[in-house]
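Understanding the architecture of this molecule
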Amino acid sequence: SEESDPVVIISRNLAQRFRAAGKQPLGRRIRLGGSPEWLKVVGVCADARYRGVTQEDVGLFVPYRQSRASTNYLVIRGKQSASELGSLVRQTLARMDPAQAAAGDATIGKLVDANTAREKFNMILLLWFGGCAVLLAMLGIYAVIAGAVAARKREIAIRAALGAPRGRLVGSIVYRTLGFALAGELIGTAAAILAYGRLSGLFYGVAPYRLYLFGSVVLFVLAASLCAGCWPVWSAGES
């Protein structure tokens, strides 16, 4: 109540800071900003993200009747639609205190979308550049293989005329091609791991250095290299 001693519940993040400094959080008295009022810590709760989806804030929670905040937020969960709930809240608020006004309402989905708009834009931009890079890599691999096959077309034709199996000819050239592609992918994977530290701030909810992510990219580019190389080599063997 308003007459009881001022109390506060802190988040686990803030409690860990107290413990790291050798202080016990429960029972300690703290002040909020420049307020002269001392609040007694009576509990510790889980960390929450109420100012942003991508970061956990240092939470301080005070009882509603002891709050000195000029603006309060009401979170409602119901089966009705967002418009119906908003209308119900405004009607109830007007009956309880006509002097109070509702500044606005929004669903959790809209708040999350607005808060993560920048991250989504960065992700779409990175995906677009990544797709262009993969396409250019595939075109480059195809061009290099086609040029190498064209330079050895006479040799391939002579070996095929002497009875060399077409599969053996194709396999030897593809084997060399995949060797170069694998070497390039190893260098690219190492560069990606080194660059991840600088790009990690653009991602949210993605654990660092997941092996299946790097492995899937490596296998995809290897498969693209194989598909890009088989056709020109096979065509040269037929000719």
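Residues numbered from 1 in each chain as written. Predicted model: local features only at pLDDT ≥ 70, side-chain atom pairs only at ≥ 80, totals over all residues. Heavy atoms only, no water.

1. Focus: the sheet that holds strand β3 (residues 39–45)
For clarity, the cut-off: For two strands to be treated as a pair, DSSP must find no fewer than two bridges joining them. Each helix corresponds to a stretch of at least 4 residues labelled H or I by DSSP, and each strand to a stretch of at least 2 residues labelled E; elements are numbered beginning at the N terminus. Contacts are assigned to residue pairs with any non-hydrogen atoms lying within 4.5 Å of each other. All axes are obtained by fitting lines to C-alpha atoms, using only the stretch in contact for helices, and the reported angles, taken between N-to-C directions, cover 0 to 180 degrees.
Spatial ordering of the open sheet is given by β2-β3-β1-β4, a layout of 4 strands whose pairing is mixed. A strand with exactly one partner marks an edge of an open sheet, and here the two such strands are β2 (29–30) and β4 (60–61). Where strand β1 (residues 7–11) and β4 come together, 2 bridges link them in antiparallel fashion. Following the sheet pairing, Ile9 is matched in β4 by Phe61. Each of β1, β2, β3 and β4 touches helix α1 (residues 12–20); the most contacted strand, β1, lies at about 90 degrees to it.

2. Here we look at the nonpolar core
Put simply, the rule reads: Take the buried residues of types Ala, Val, Leu, Ile, Met, Phe, Trp, Tyr and Cys, join any two whose side-chain atoms come within 4.5 Å, and each joined set is a nonpolar core. Relative accessibility under 20% of the residue-type maximum defines a buried residue, over 50% an exposed one, and the middle range a partly exposed one, all with a 1.4 Å probe and only protein chains included.
Val8, Ile10, Leu14, Ala15, Phe18, Ile30, Leu39 and Val41 together form the largest nonpolar core, which totals 8 residues. Of all the elements in the fold, those that place two or more residues in this core are β1, α1 and β3. Considering every element that reaches this core, the biggest residue donor is α1, with 3 residues. Sequence-distant contacts of Val41, that is, excluding residues within four places in its chain, are made with Val8, Ile10, Pro25, Leu26, Gly27, Arg28 and Ile30.

3. Concerning the pairing of β3
Inspection of the sheet shows β1 paired to β3 by 5 bridges, in the parallel sense. Bridge pairing in β3 places Ile10 opposite Val44. Two elements, β2 and β3, share 2 bridges in a ladder whose sense is antiparallel. Within the sheet, the bridge partner assigned to Arg29 lies in β3 and is Lys40.

4. Comments concerning a nonpolar patch on the surface
Quick reminder of the rule: Any residue with relative accessible area above 30% and no salt bridge may belong to a patch, with like charges joined within 9 Å and the nonpolar Val, Leu, Ile, Met, Phe, Trp and Tyr side chains within 5 Å. Only the protein chains shown count as covering a residue, and every accessible area follows the Shrake-Rupley method with a 1.4 Å probe. The salt bridge definition used is simple: a Lys or Arg side-chain nitrogen within 4 Å of an Asp or Glu carboxyl oxygen.
On the surface, Ile9, Val42, Tyr50 and Phe61 cluster together to form a nonpolar patch covering roughly 340 Å² of accessible area. Relative to the helices and strands, Val42 resides in strand β3.

5. A look at α1
To keep it simple, the criterion reads: What the arc describes is the spread of directions from the helix axis to the C-beta atoms.
Considered for burial, the residues of α1 that qualify are Leu14, Ala15 and Phe18. Viewed end-on, α1 has its buried residues packed into an arc of 100 degrees, placing them on one side of the element. Exposed residues lying more than 90 degrees from the buried face of α1 are Arg17 and Ala20. Turning to α1, the residues buried within the fold contact β1, β2, β3 and β4. Once α1 finishes, Gly22 follows within two positions and takes phi at roughly 80 degrees, a positive value.

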